[in-house]
Amino acid sequence: MQRRAFIAGLALAALRPTLLNAQEAPSAAGQAIPISPRRPVNGLQVFDENGAAVLLEAYRGKMVVLNMWATWCLPCRLEMPSLSRLYEKAGKDGIVVLPVAFDWRGVEGVRKFYSELGITNLPVMTGDGDNLKSVLQMTGLPSTAIIDRQSLQAVTVIGEAVWDDDMTVDWLRRLAAS
């Protein structure tokens, strides 16, 4: 019994720095990497929870925060509530939040993940890693592509970020208005 308590204590101690750093994740606005020239995203394959293809072209005229993540990715898990809150804060401003899961568990894994975190306002979407890499030239999770109103990749944010802080929300609203 003492051994189990010791191992549990070690595990908690190992996670503690990661959990503390999650609260200190940088603002997405501060991590933004502009794409020049902007790239079309029309070859990206994204699927809704029923397996139907979602064309990003359907969001032309709106700015899309296209977040790539996986249920097994701890930084993704820490970032997702911030994306949910961003949707609440900026959805009415023409900013669409589309989290695309790259996970072998598929739709059921995403639903379970959302349920565990209490996320009810984001769509369930999946994608393919090879397609992501070829179209957006992005690897690693989490990664986010900001798609402008003309359906072009305008900005990339690599790694965990805070999406609902005032600086990021203001930055996204300015991008959406331009």
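Residues numbered from 1 in each chain as written. Predicted model: local features only at pLDDT ≥ 70, side-chain atom pairs only at ≥ 80, totals over all residues. Heavy atoms only, no water.

### A closer look at the overall build of the protein chain
If you tally the helices and strands in the protein chain, you get 6 helices and 8 strands. In sequence order, the secondary structure elements of the protein chain are arranged as α-α-β-β-β-β-α-β-α-β-α-β-β-α. A total of 178 residues make up the protein chain; the buried ones form 44% of that total. Put simply, of all contacts in the protein chain between residues at least 6 apart along the chain, 78% involve residues at least 24 apart. Taken as a whole, the protein chain presents about 9500 Å² of accessible surface, with 56% of it coming from carbon and sulfur. (Helix = DSSP H or I, 4+ residues; strand = E, 2+ residues; numbered from the N terminus. Buried < 20%, exposed > 50% of the residue type's maximum accessible area, 1.4 Å probe, protein only. Contact = heavy atoms within 4.5 Å. Areas by Shrake-Rupley, 256 points an atom, 1.4 Å probe, with all protein chains shown as cover.)

### What about the packing of aromatic side chains?
Following the criterion strictly, the structure yields 3 aromatic pairs and no others. Ring centres of Trp69 and Phe113 lie 4.6 Å apart, and the angle between their planes is 40°; on these two criteria the pair is classed as tilted. A residue pair is termed long-range when its members are at least 10 positions apart, and Trp69 in strand 4 (residues 63-69) and Phe113 in helix 4 (residues 106-117) qualify at 44 residues. The exposure class assigned to Trp69 is buried, which follows from its relative accessible area of 0%. Overall, Phe113 belongs to the buried group, its relative accessible area being 1%. Geometrically, the ring pair formed by Phe113 and Tyr114 is tilted, given 6.4 Å between the ring centres and 55° between the ring planes. In this structure, Phe113 and Tyr114 share a single accessibility class: buried. Within the aromatic cluster, the residues linked to one another by ring pairs are Trp69, Phe113 and Tyr114. (Phe/Tyr/Trp six-rings, centres within 6.5 Å; stacked < 30°, edge-to-face > 60°.)

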